[in-house]
Amino acid sequence: MTESSRQNLSHAMSSGASDSQARHHLWQNYQQIIFRADQAPPFTTFAILTAFNPESIVLSCKENHQRQASLEAELSALGYAFQRLDCSAPDGSWHEPSLAVAMDIERACAVAARWQQNALYWVAQQQLTLVPVRLGKQGFSRSVLGAWQTFLHIQGSE
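Position numbers for residues start from 1 in each chain and track the written sequence from start to end. Reporting in this predicted model follows two pLDDT cut-offs: at least 70 for local features of residues, and 80 or more for side-chain atom pairs to be given and counted; totals over whole chains, interfaces and linings ignore these cut-offs and use all residues. Hydrogens and water are ignored here; the side-chain numbers use all heavy atoms of the structure.

> I keep staring at the pattern of salt bridges and nothing clicks. Help me out?
Oppositely charged side chains can pair when the atoms bearing their charge come close. Counted as salt bridges are all cases of a side-chain nitrogen of Lys or Arg within 4 Å of a carboxyl oxygen of Asp or Glu. With the rule as written, the count across this model stands at three salt bridges. A salt bridge links Glu 72 to Arg 84, with the shortest nitrogen-to-oxygen separation between them at 2.5 Å. Here Glu 72 is found in helix 3 (residues 61–77), whereas its partner Arg 84 is found in strand 3 (residues 82–88), with 12 residues between them in sequence. Here Glu 74 ties to Arg 114 by a salt bridge, and the two come within 2.2 Å at their closest N and O atoms. Under the DSSP-based scheme used, a helix requires at least four consecutive residues in state H or I and a strand at least two consecutive residues in state E, with every element numbered from the N terminus.

If you want it as structure tokens, here you go:
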């Protein structure tokens, strides 16, 4: 989510916009995304997970990095292969470290829920899908965003 989008969401919440409107705005912002990596993930089907900013509540850099390190340690201990990548607003105004993780969708949703994430990204059959996790209980459903390659930006090849 871009910084201006975060500010707009914060303004909407404080100016009397309903929680429903704020969540809808948040969902729209989740769809405005790119992923930066040194190389394409070596998996054909995978989840993109993060432990940053649970429930889209902005935490300190230190807290976020501690959470992300714990998520990586958890996935490693469970034997999951992953690749680091950066989830970013297209204009670069916002980003957070994420992981492309070779795991099934059900397990990915369980991990994301445990880390209090509203949603995750899922790549299968070369398509990127936004999958609600905590927001699924509030009426949101999967949104196919399009061809994965159009959202992936390999560093040094742009």
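After that view, the rundown keeps rolling.
> How do you make sense of the environment of Pro 132 when you look at a structure like this?
For Pro 132, the position within the fold is in strand 6 (residues 127–132). Burial status follows relative accessibility: with a 1.4 Å probe on protein chains alone, a residue under 20% of its type maximum counts as buried, one over 50% as exposed, and anything between as partly exposed. Using a relative accessible area of 12% as the deciding quantity, one classes Pro 132 as buried. Between the C-alpha atoms of Pro 132 and Ala 119, which are 13 residues apart in sequence, the distance is 4.2 Å. Sequence-distant contacts of Pro 132, defined by excluding residues within four places in its chain, comprise Trp 27, Asn 118, Ala 119, Phe 140, Ser 141 and Arg 142. When checking whether two residues touch, look at their non-hydrogen atoms; a contact exists if any pair is within 4.5 Å.

> Looking at this structure, how should I read unusual backbone geometry?
Of note, Asn 53 is a non-glycine position whose phi angle comes to about 40 degrees, a positive value. When you line up the elements, Asn 53 lands in the loop between strand 2 (46–49) and helix 3. Using a relative accessible area of 8% as the deciding quantity, one classes Asn 53 as buried. Phi at Ser 56 is positive, roughly 60 degrees, even though this residue is not glycine. Within the secondary structure, Ser 56 sits in the loop between strand 2 and helix 3.

> Whenever I open this one, helix 3 confuses me. Can you help?
Note that an α-helix has 3.6 residues per turn; residues three or four places apart therefore point the same way. In this model helix 3 runs 24 Å from its N-terminal to its C-terminal C-alpha over 17 residues, within 8% of the 24 Å that 1.5 Å per residue would give. Among the residues making up helix 3, those that are buried are Asn 64, Arg 67, Gln 68, Leu 71, Glu 72, Glu 74 and Leu 75. The arc that holds every buried residue of helix 3, seen down its axis, measures 160 degrees, which confines them to one face. Turned more than 90 degrees away from the buried face of helix 3, the exposed residues are Lys 62 and Ala 77. Of the surrounding secondary structure, the elements contacted by the buried residues of helix 3 are strand 2, strand 3, strand 4 (95–101) and helix 4 (105–114). Phi turns positive, to about 85 degrees, at Gly 79, one or two residues after helix 3. Every helix has an expected span of 1.5 Å times one less than the residues it contains. For this quantity, the arc is that covered by the directions from the helix axis to the C-beta atoms.

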